[in-house]
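In case you want the letters, here they are:
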Amino acid sequence: MPKACGRLIAVHSFLLLMSLCGFSQANSERPTSNRPTVIRGATVLTVTHDTIENGTVVIEGGKIKAVGINLAIPPNAEIVMATGKYLLPGLINPHSHTGIYPLYGMKGNVDLSESQGDIHSGIRTLDAVDTSDPEIARAVSGGVTTLQTLPGSDNNVGGWTTVLKLNGATRIEDAKFPGAPPGMKWAWGENPKVEHEGQGDHPSTLMGEAAMMRQRLLDAQKYAAKWMEWESKGKKGVSPERDLELEGLAQVLSGKVRVHVHAYQTNHFEALFRLSDEFHFPIAAVHHALEAYTVAPELARRKISVVTFADYWGYKTEAWNAIPQNAYLLWKSGVVVSMHTDSPVMEDRDFRLQASIAQHYGLPEEAALQMITINGAKILGIEDRVGSIEIGKDADLVVWSGDPLEITSKVERVYIDGNLVYTPQDGFIPWKGRPGILAQ
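Residues numbered from 1 in each chain as written. Predicted model: local features only at pLDDT ≥ 70, side-chain atom pairs only at ≥ 80, totals over all residues. Heavy atoms only, no water.

### Description of empty space enclosed by the protein
Rules: We place a 1 Å grid over just the protein atoms. Points where a 1.4 Å probe fits but has no way out form a cavity, open points with protein on both sides within 12 Å along at least 5 of 7 lines form a pocket, and any residue with an atom within 4 Å of a point lines it. Grid points are joined across faces, edges and corners, and a volume is the space filled by probe spheres set on the points. Only Asp, Glu, Lys and Arg are considered charged, only Ala, Val, Leu, Ile, Met, Phe, Trp, Tyr, Cys and Pro nonpolar, and every remaining residue, Gly among them, polar.
Per the stated rule, a full pass over the model turns up one cavity of 30 Å³ or more. In this model, the largest cavity occupies a volume close to 60 Å³. Lining the largest cavity are V129, T131, I136, L164, K165, L166, N167, G168, A169 and A175. Classifying every residue of the lining of the largest cavity gives six nonpolar, three polar and one charged.

So, in structure tokens, the structure goes:
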């Protein structure tokens, strides 16, 4: 039997196993139980406030109802004893390709980067996310409850991002993070230059990248002006013709979009600064950003965040000048920093290890924990909902066997919106009452 046929049969067998486990057929109805849950006795790492020893957290209606010591217990509450355990907010990864580059991905189900053309401000990851990607279950088993799925970096503008709650929903509409601000992925430097080398519609130099972006932003200004003029005249007559690429860039220029830019080198950052100044739009974050330490004060002044690796470097030319103290130096300069996985480069379930490594290179424990929780929430514009243990926030919580920054610690329970979605014994439980694929 040819090897290709053997691989195909193996893949079909894996997908059948997923189906039998209930993962691909999960009930898409929202859980309806409002029974309160009380987690008692844990060391509560609130992230934004003090650590509470022997603390109690009350969950009700999918929200954190109370946090403290010796709290009143609601009637009929389920009590989870967590003495000796640690309670941390759900981890938030602002840079992943989970869902569009599925685990065990093959060419037929990879939707990472569109190869036709370079500026794709009309493309949406929302239209491609595969909610049956096994990496979702594995991410939850590592304590990740929210992540941003971005297009790949083959194009200067890859498209719109999607922020997901990893709640096991079958329908993407149920997995989308409610009310998350829109985000768009851009990419600068080596990847867009070389991935489509020789194609006339892709720049092959940094100069070409900057020139193409400048021209398209100018076009977007004109496009927005046409629509404003038509609207100012009472929308009379035929409206201007819609162009999804220019429409997306016009929204960037209006300041309504969180722009996330794949960029590595000092000259990448400075070119982006010039574009931002010329066209007066904000940049939410530079991602990967291994040389960000060279412009740390300027990033802080501009309120541009950084999403980075702890010590992953040297895998291509623009990654040669990385230093493991990058996150520490940025933090010292006042930059909001988050770790990331760039899944499938690193698995989402290993996300918290990035904080452990960053702590090894000088970060205080609190700062390291913030780089996998609240800082990611700030970068995505959802910090009012998740990222810390505070009254009124979503009950996205993780019980750890020990200190989360200790690599031997394990995830014991994961809650999303107050619903238990993972234990090591039951694996991933997408919806209440339905078992999912095991994530051991």
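### A short note on the sheet that holds strand β6 (residues 91-96)
To keep things clear, this is the line we draw: DSSP-based pairing: two strands are paired if at least 2 bridges between them are found. Numbering of helices and strands starts at the N terminus; helices are DSSP runs of H or I of at least 4 residues and strands are runs of E of at least 2. Every angle, taken between N-to-C directions, lies between 0 and 180 degrees, and every axis is a line fitted to C-alpha atoms, over only the stretch in contact when it is a helix.
Spatially, β6-β7-β9 is the arrangement adopted by the three strands of the open sheet, whose pairing is mixed. Here the strands that pair on one side only, and so sit at the sheet edges, are β6 and β9 (162-165). Each adjacent strand pair in this sheet contributes to an overall mean axis angle of 20°, direction not counted. Two strands pair when backbone bridges link them, and strand β7 (residues 144-149) and β9 are joined in this way by four bridges, in the antiparallel orientation. Following the sheet pairing, Q148 is matched in β9 by V163.

### Brief notes about the confidence of the model for the protein
Rules: A score between 0 and 100, pLDDT records how confident the predictor is in each residue. Whether two residues are in contact is decided by their heavy atoms: any pair within 4.5 Å suffices.
Summing up the model confidence of the protein, the mean pLDDT is 90 and the portion of residues at 70 or higher is 90%. Scored below 50 in pLDDT, residues 1-32 shows 46 contacts in the model against residues more than four places distant or in partner chains.

### Side note on the packing of helix α5 (residues 206-232) against helix α7 (residues 266-279)
Heads up, the condition is: Roughly parallel here means an angle under 35 degrees, roughly antiparallel means over 145, roughly perpendicular means 65 to 115, and every remaining angle is called oblique. Crossing handedness is read from the near helix: turned anticlockwise from the far helix by less than a right angle, it gives a left-handed crossing, and turned clockwise, a right-handed one.
The interhelical angle for the contact between α5 and α7, taken along N-to-C directions, is 20°, at an axis separation of 11 Å. With respect to α7, the axis of α5 lies roughly parallel. Considering how the two elements wind past one another, α5 and α7 form a crossing that is right-handed. Residue-level contacts link L206, M213, R214, L217, L218 and Q221 of α5 to N267, H268, L275, E278 and F279 of α7.

### Regarding the packing of aromatic side chains
Rules: Two rings from Phe, Tyr or Trp (for Trp, the six-membered ring) form a pair when their centres sit within 6.5 Å of each other. Planes less than 30 degrees apart are called stacked, planes more than 60 degrees apart edge-to-face, and all others tilted. A simple rule labels every residue: compare its accessible area, found with a 1.4 Å probe on the protein chains alone, to the largest value its type can have, and call it buried under 20%, exposed over 50%, or partly exposed in between.
Applying the stated criterion across every chain yields a total of eight aromatic pairs. Plain terms: the ring middles of W227 and W230 are 5.5 Å apart, the flat faces sit at 85° to each other, and that makes the pair edge-to-face. One end of the pair is W227 and the other is W230, both in helix α5 and three residues apart, which spans about a single turn. Since its relative accessible area comes to 17%, W230 is described here as buried.

### Description of the sheet that holds strand β8 (residues 157-160)
In spatial order, the strands read β8-β10-β11-β12-β13-β14; together these six strands make up an open sheet with mixed pairing. Sheet topology places β8 and β14 (337-339) at the edges, where each strand pairs with a single neighbour. Strand-to-strand twist of the sheet, defined as the mean angle between neighbouring strand axes without regard to direction, takes the value 20°. One ladder, built from three bridges, connects strand β13 (residues 305-308) with β14; its direction is parallel. Residue pairing across strands places V307 opposite S338, the latter belonging to β14. Contacts from helix α6 (residues 244-253) reach β8, β10 (183-187) and β11 (258-263), with the element oriented near 100° to β10.

### Comments concerning the pairing of strand β17 (residues 419-423)
Examined bridge by bridge, strand β16 (residues 411-416) and β17 share three bridges and lie antiparallel to one another. If you follow Y415 over to β17, its bridge partner there is L420. Where β16 folds back on β17, the antiparallel hairpin that results is connected by two residues, among which D417 adopts a positive phi of roughly 50°. Note that β17 and strand β18 (residues 427-428) share two bridges and pair antiparallel. Across the sheet, residue Y422 finds its bridge partner in β18, namely F428. Linking two consecutive strands that pair antiparallel, namely β17 and β18, is a turn of three residues.

### What to know about helix α10 (residues 351-360)
Residues spaced three or four apart along an α-helix point in a common direction, a consequence of the helix completing one turn every 3.6 residues. Regarding α10, the residues found buried are F351, R352, Q354, A355, S356 and A358. Looking at the packing, one finds that the buried side of α10 touches β6, β7, β14, α11 (365-370) and β15 (397-400). After α10 finishes, the residue G362 shows a positive phi value of roughly 120°.

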